[in-house]
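One letter stands for each residue in the lines below.
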Amino acid sequence: MDVALSRNGRRLLSGFFALLVVFLYAPIAVLLIFSFNDSDIPAFPLSGFTTRWYHQFATNPDLKAALGTSAIVAAISSAGAVALGILASIALARRRFVGKSVVSAVLLAPLVIPYIVFGISLLLFFHATGIPRSLLTVVIGHIVISLPYTILVLVPRLTQIDTGVEEAAYDLGAGPYRTFGLIVLPLILPAVVSAWLIAFTTSFDEYAVASFVVGTRQTFPIYLYSALRFPSNLPQVIAVAVVVLVVSLIVIVGAEIARRFAERRLAA
Amino acid sequence: MGRSQGSLRGHIATPALLGLPVAWLIAFFVVPIVIVGLYSVDVYSLFPGAHGFTLGAWHGFLHSSVYLGLFWKSVKMALIVSAVVVALAYPVAYYLALSGTKRKYVLLLVLIAPFLTSYLLRVLAWKVILGNNGVLNSFLAWTGIRSANHPLSQLLYSRFAVILVLAYVWVPFVALPIFVSLDNLDRRLLEAASDLYASRWQAFLRVTFPLSLPGVVAAFFFVFIPTVGEFVTPSLVGGTSGYMYGNQIADLFSTGFPDWETGSVLALFLLGVVAVLTLCFARFTQAREAT
């Protein structure tokens, strides 16, 4: 006899699981359907198949510029967050020092701060210091937001690996940087890639903080938010949404498969 | 430094490791919050002229039924969202962790994947679905379930829409901590309960559920915290009845009638509440780990 679930209980819960998955994916399916619908208004009945919304967005210079801008901001801020995250994670995972609990509290605090509060804080800060708002100020904010996520991914991986291999490298005469580059980095690489992906997607999708500190060049979420106010843009925006959602789902699943594969090989 | 001299040889010094990340957070996280604090008591202001320490904005806030009422409304909405989300995610996490299904990690990925895609685009999807002439209403009219002249009008731009969309956004995320706490559960405890003639329900109520409580509390906390200060979703699907505390802060800082001093007070109050809750949560998890 199964101690956790009766046969009926299992049926009930598997049915509930299926319903929840439908609830989660139905809105995405709705976007997919209406991105090919030949009408200015996304509503039933469907009025024929078209790919013109995809053509329209592919030739919309503002939209493409916003996507490019977000890609740049996300690339820079994720690289920065991962670099800072690696430094902090090594200290947190490998060192004992005075005030460690305070330091880790500060490093993880951006996880819980309401983005509205952080957004207006940065706005006031950039005003007070006279730093003009631009993509750089968005990058600065996104590094703060992403940094704790990279630490949460990297520290568990660092504590998993055997410090003996590092000691062996030192004993064989490698300096700290060679030891890091040749021993530690390859061992934590899957976690570094995960951390980078999380930081990249966080930045690419971030609206709340960016809306307060962005300059004249729009990032993709800011373009999207303003486009949502004009119904005439809606079909195009739906087509972009489908592309972004499908691409990110493929990347997520691909990354997860690759990570498992890599960690299995490293464990062997 | 409990380590021997030999094992320290060749290591990068701890200050060299921590210097940059900590400096970054102090400059671009701690200092900005301090500036908000100075702004809220008028020690610092953008407007020229004499400025001195005053608690006027704080006094106004604490005696304003509008701002505090809005705060309670947001707390209530966040509590509802958190409770709904945990109630939806728990049975699913239980199924994945304890049914013994071989594909539990694949199914978990199916569940979590939407959370890792764009937040704004998932909100957009609901805007398309819920509008008066949106997908749902037009579907009901088209199939004749409801007359086209009488659409369900409270779907979009309502408190309901905000709660629905936020619950939708958070469910996949919340499944994760609950799954982890149930997956770590020692099944032999359940076998022991069964050997002692506990029914499945008794075993669940007295063994499984208490042991999964840390995951449930973590899930509840990590939904409640961002939801209570939420302003993006209510501004897109909330209309006036879904207007939240976060929207008020955003409006005090935007064009129209900006009042940065009051806005700073509202922001700091929210931050204080979040900080107290975070400390309670940290105490709770530490107490759990200690036992």
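Residues numbered from 1 in each chain as written. Chains lettered and ligands numbered in written order. Predicted model: local features only at pLDDT ≥ 70, side-chain atom pairs only at ≥ 80, totals over all residues.

Draft legend 1. Summary view of the overall build of chain A. When you go through chain A residue by residue, the secondary structure sums to 11 helices and zero strands. Over its C-alpha atoms, taken along the principal directions, chain A stretches across nearly 70 × 70 × 30 Å. Out of the 268 residues in chain A, the part that is buried amounts to 44%. A separation threshold of at least 6 residues defines the contact pool for chain A, and within that pool the share at least 24 residues apart is 79%. (Helix = DSSP H or I, 4+ residues; strand = E, 2+ residues; numbered from the N terminus. Buried ≥ 20, exposed ≤ 12 C-beta atoms within 10 Å, placed from the backbone. Contact = placed C-beta atoms within 7 Å.)

Draft legend 2. Summary view of the overall build of chain B. Helices and strands together make up the secondary structure of chain B, namely 13 helices and zero strands. Along chain B, from the amino end to the carboxyl end, the secondary structure elements read α-α-α-α-α-α-α-α-α-α-α-α-α. Against the compact-globule benchmark of 19 Å for 291 residues, chain B has a radius of gyration of 25 Å, which places it well outside the compact range. Structurally, chain B occupies a C-alpha span of about 80 × 75 × 35 Å along its principal axes. Relative to its 291 residues, chain B shows a buried fraction of 41%. Pairs at least 24 apart in sequence give 68% of the contacts found in chain B among residues at least 6 apart. (Rg over C-alpha atoms; globule rule 2.2 N^0.38 Å.)

Draft legend 3. Molecular detail of the interface of chain A and chain B. The partner chain B presents 79 residues to the 73 residues of chain A that form the contact. Each residue belonging to the side of chain A that touches chain B can be placed in one class, and the counts come to 60 nonpolar, seven polar and six charged. (Nonpolar A, V, L, I, M, F, W, Y, C, P; charged D, E, K, R; others polar.)

Draft legend 4. Highlighting helix H13 (residues 260-290) of chain B. Here H13 of chain B contains 31 residues, and its C-alpha end-to-end distance of 44 Å stays within 8% of the 45 Å for a straight helix at 1.5 Å per residue. Restricting attention to buried positions, one finds in H13 of chain B the residues Trp-260, Glu-261, Thr-262, Gly-263, Ser-264, Val-265, Leu-266, Ala-267, Leu-268, Phe-269, Leu-270 and Leu-271 of chain B. Buried residues belonging to H13 of chain B abut helix H5 (115-129) of chain A together with helix H2 (14-40), helix H3 (56-62), helix H4 (65-98) and helix H12 (245-253) of chain B. (Expected span 1.5 Å × (residues − 1).)

Draft legend 5. Looking closely at unusual backbone geometry. Residue and element names in this part refer to chain B. Backbone geometry places Asp-42, a non-glycine residue, at a positive phi of 65°. Structurally, Asp-42 can be placed in the loop between H2 and H3. Positive phi, normally seen in glycine, also occurs at Tyr-157, with a value near 55°. You can see Tyr-157 is positioned in the loop between helix H7 (135-142) and helix H8 (159-183).

Draft legend 6. Representation of the environment of Ala-241 of chain A. Within the secondary structure layout, Ala-241 of chain A lies in helix H11 (residues 234-267). With 213 residues separating them in the primary sequence, Ala-241 of chain A and Ile-28 of chain A have C-alpha atoms 8.9 Å apart. If sequence neighbours within four positions are ignored, Ala-241 of chain A has contacts with Leu-31 of chain A together with Leu-121 and Leu-124 of chain B.

Draft legend 7. Looking closely at the nonpolar core. All names here are of chain B. Counting residues in hydrophobic clusters, the biggest one holds 164 residues, and the most contacted among them are Ala-89 and Ala-93. Tallying contributions element by element places H4 first for this core, with 16 residues. Every residue in contact with Ala-93, bar those within four places of it in the chain, is listed here: Ala-175, Ile-178, Phe-179 and Leu-182. (Core = buried A, V, L, I, M, F, W, Y, C linked by C-beta atoms within 7 Å.)

Draft legend 8. Seen up close, the packing of H12 of chain B against H13 of chain B. Residue and element names in this part refer to chain B. Where H12 meets H13, the closest approach of the two axes is 8 Å, and the angle between their N-to-C directions is 150°. As far as their axial angle goes, H13 and H12 are roughly antiparallel. As for how H12 packs across H13, the hand of that crossing is left-handed. The segment H12 lies against H13, with Tyr-245, Gln-248, Ile-249, Leu-252 and Phe-253 engaging Trp-260, Thr-262, Gly-263, Leu-266, Ala-267 and Leu-270. In terms of residue class, the contact of H12 with H13 is made up of eight nonpolar, three polar and no charged. (Axes fitted to C-alpha atoms, helices over the stretch in contact; angles between N-to-C directions. Parallel < 35°, antiparallel > 145°, perpendicular 65-115°, else oblique. Left-handed = near helix turned anticlockwise from the far one by under 90°.)

Draft legend 9. A look at helix H6 (residues 119-130) of chain B. With 12 residues, H6 of chain B extends 17 Å from end C-alpha to end C-alpha; this agrees with the ideal 16 Å at 1.5 Å per step. For H6 of chain B, a buried count of 11 out of 12 residues is recorded, marking the element as mostly surrounded by other parts of the structure.

Draft legend 10. Structural detail: the environment of Ala-267 of chain B. Inspection of the secondary structure puts Ala-267 of chain B in helix H13. Under the C-beta neighbour-count criterion, Ala-267 of chain B is labelled buried, with 31 such atoms within 10 Å. Taking C-alpha positions, Ala-267 of chain B is 9.7 Å from Gln-248 of chain B, a pair spaced 19 residues apart along the chain. Every residue in contact with Ala-267 of chain B, bar those within four places of it in the chain, is listed here: Ile-116, Val-117 and Ile-120 of chain A together with Val-36 and Ile-249 of chain B.

Draft legend 11. Focus on the environment of Phe-160 of chain B. Residues and elements named next belong to chain B. In this fold, Phe-160 is placed in helix H8. Among the residues examined, Phe-160 registers 16 C-beta atoms within 10 Å and is labelled partly exposed. With 77 residues separating them along the chain, Phe-160 and Val-237 place their C-alpha atoms 9.4 Å apart.

Draft legend 12. Focus on the confidence of the model for chain B. Residue and element names in this part refer to chain B. On average, residues of chain B score 87 in pLDDT, and 95% of them are at 70 or above. Within chain B, the element-level pLDDT minimum falls on helix H1 (residues 5-8), averaging 43, and the maximum on H4, averaging 94. Confidence drops under a pLDDT of 50 for residues 1-7, and excluding neighbours within four residues, the segment shows four contacts in the predicted structure. Predicted as a complex, the structure gets a pTM of 0.89 and an ipTM equal to 0.89. (pLDDT = per-residue confidence, 0-100.)

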